[in-house]
Amino acid sequence: MAVNLSAIKDLLLPGLRGIEGKYEQIPSQYDKIFTKANSKMALERTAEMRFLGYAQLKTEGGQTAFDNNASERFVYNQEHTEIGLGYAITRKAIDDNLYKTQFTPSNLGLVESFAQTKEIYGANVLNTATTYNANIGGDGKALCATDHPIDGGTVANKPTTDVELNESTLLNAMISIRTNFRDQAGLKVFARGRRLVIPPQLEPVAIRLTKSELRPGTSDNDVNAIMMTAGGLPEGYMVNDYLTDANNWFLLTNIDGLVYMERVPFETDMQVDFVTDNLLVKGYERYSFGYYNWRSIFGSFPT
């Protein structure tokens, strides 16, 4: 049913001091987690390759070892979704509204609706990081797992036992990223933690861990090792208001792998229905959030 006179009855008479309902919006957060890319296809696919392994010792007059195992290992899929929302408002509701500048018929909050929807879809990649999605494919593991397969073994980007955020667990995560992350051939990669991502409930903890000059939570006169170990956290921490678990925390690394792909940017359209004279307004965009490299993140999911 279209927005009609009865839905805005108080806007038809003079005397209102003002109209409330629109509020300052939370600044964009997804773009601090995901790398943006434009897409020209309905389905984007990213292949992870295995390159050469370690060089081998060669004896005098002996044969050179050959590594012919370089090949495609895993393929990650990302299919875009359509997002839309619209509304109808009657002509009488437009004509008789005395507060058109405050209650704009052509935009009843479409921009805000689409923006928060996008944030939810983006945060959902982290909220479901321990659940494997066969549509994404890849190495057959969830984004955060203890056993991502590489040649000759596995690598973890989450603790074996999920742990709460504190000085020790954050330092262990930073060291684990540096020492354990390897490519498909088993070679070490330059991986460092760069930004801590937390829900609002963990911000006091993050402040103490990343803003203290001395060791947090103790009376010792030690330096805060978090700011020095493995290069520290050059991008500090960020709060994501759309994380659904108050205990989960994540470390983004310097390796790309979380991506927001935009197929069709946000657009609006409107027209007057010839039969009813209703004004029809709608918004549309097409995009997807996904990942193609688990080395881009480390996560812990304590209960």
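Residues numbered from 1 in each chain as written. Predicted model: local features only at pLDDT ≥ 70, side-chain atom pairs only at ≥ 80, totals over all residues. Heavy atoms only, no water.

Visitor: Teacher, can you tell me more about the sheet that holds strand S12 (residues 297-300) here?
Guide: Hydrogen bonds between backbone groups are what pair the strands of a sheet, and the pairing can be parallel or antiparallel. In space, the 4 strands of this open sheet follow the order S8-S7-S9-S12, with mixed pairing throughout. Unpaired on one side and paired on the other, strand S8 (237-239) and S12 mark the two borders of the sheet. Averaged over all neighbouring strand pairs, the angle between strand axes comes to 20 degrees, with direction disregarded. Packing against the sheet, helix H4 (residues 203-211) makes contact with strand S7 (193-198) and S8, and its axis sits at approximately 165 degrees to S8. (Pairing = 2+ DSSP bridges. Helix = DSSP H or I, 4+ residues; strand = E, 2+ residues; numbered from the N terminus. Axes fitted to C-alpha atoms, helices over the stretch in contact; angles between N-to-C directions. Contact = heavy atoms within 4.5 Å.)

Visitor: Which parts of the structure should I look at to understand unusual backbone geometry?
Guide: Working note: non-glycine residues mostly have negative phi, and peptide bonds are mostly trans. In this structure, alanine 230 takes a positive phi of about 50 degrees despite not being glycine. Within the secondary structure, alanine 230 sits in the loop between H4 and S8. With a phi angle near 65 degrees, aspartate 277 is a residue other than glycine that sits in the positive phi range. With respect to the element layout, aspartate 277 can be found in the loop between strand S10 (258-272) and strand S11 (279-291).

Visitor: How do you make sense of the packing of aromatic side chains when you look at a structure like this?
Guide: Aromatic ring pairs: the centre-centre distance and the angle between the two ring planes describe each pair. If you walk through the whole model with that rule in mind, you get 11 aromatic pairs. Both rings, one in tyrosine 30 and one in phenylalanine 289, keep their centres 5.6 Å apart while their planes meet at 85 degrees; by these two values the pair is edge-to-face. Taken together, the residues tyrosine 30 in the segment before strand S1 (35-38) and phenylalanine 289 in strand S11 connect sequence positions 259 residues apart. Aromatic pair tyrosine 287 and phenylalanine 289: ring centres 5.8 Å apart, planes at 80 degrees, arrangement edge-to-face. For the residue pair tyrosine 287 and phenylalanine 289, the accessibility class agrees, reading buried in each case. (Phe/Tyr/Trp six-rings, centres within 6.5 Å; stacked < 30°, edge-to-face > 60°. Buried < 20%, exposed > 50% of the residue type's maximum accessible area, 1.4 Å probe, protein only.)

Visitor: Explain the sheet that holds S1 to me, please; I cannot follow it from the model alone.
Guide: Pairing in this open sheet of 4 strands is mixed, and the strands run S1-S10-S11-S4 from one edge to the other. Of all strands in the sheet, those with a lone pairing partner are S1 and strand S4 (81-89), marking the two edges. Neighbour to neighbour, the strand axes of the sheet diverge by 30 degrees on average, direction disregarded. Bridge count between S10 and S11: 12 bridges; the pairing is antiparallel. Residue glutamine 271 lies in a different strand from S11, and its bridge partner there is leucine 280.

Visitor: I keep staring at the pattern of salt bridges and nothing clicks. Help me out?
Guide: Two side chains of opposite charge can pair, provided their charged atoms sit close to one another. Under the counting rule described, the total for this entry stands at 12 salt bridges. As a salt-bridge pair, aspartate 67 and arginine 50 come within 2.8 Å of each other at their nearest N and O atoms. One end of the pair, aspartate 67, is in the loop between strand S2 (43-50) and strand S3 (71-79); the other, arginine 50, is in strand S2, and 17 residues separate them in sequence. Overall, aspartate 67 belongs to the partly exposed group, its relative accessible area being 25%. Note that glutamate 235 is salt-bridged to arginine 194, the shortest N-O span being 2.8 Å. Highlighted residues: glutamate 235 in the loop between H4 and S8 and arginine 194 in strand S7, separated in sequence by 41 residues. Look at glutamate 235 and you get partly exposed, because its relative accessible area is 35%. Each of Arg50, Asp67, Arg73 and Asp151 takes part in salt bridges that share partners, so that together they form one network. (Salt bridge = Lys/Arg side-chain N within 4 Å of Asp/Glu carboxyl O.)

Visitor: Is there a simple way to explain helix H3 (residues 167-180) in this structure?
Guide: Residues spaced three or four apart along an α-helix point in a common direction, a consequence of the helix completing one turn every 3.6 residues. An ideal rise of 1.5 Å per residue puts 20 Å on 14 residues; H3 measures up with 20 Å between its terminal C-alpha atoms. Among all positions of H3, only Glu167, Thr169, Leu170, Leu171, Ala173, Met174, Ser176 and Ile177 are buried. Tucked inside the fold, the buried residues of H3 contact S7, H4, strand S9 (249-253) and S12. With a side-chain oxygen lying 3.1 Å from the backbone nitrogen of serine 168, the N-terminal cap of H3 falls on asparagine 166. (Expected span 1.5 Å × (residues − 1). Polar contact = N/O pair within 3.5 Å; in protein donor to acceptor, adjacent residues only side chain to side chain.)

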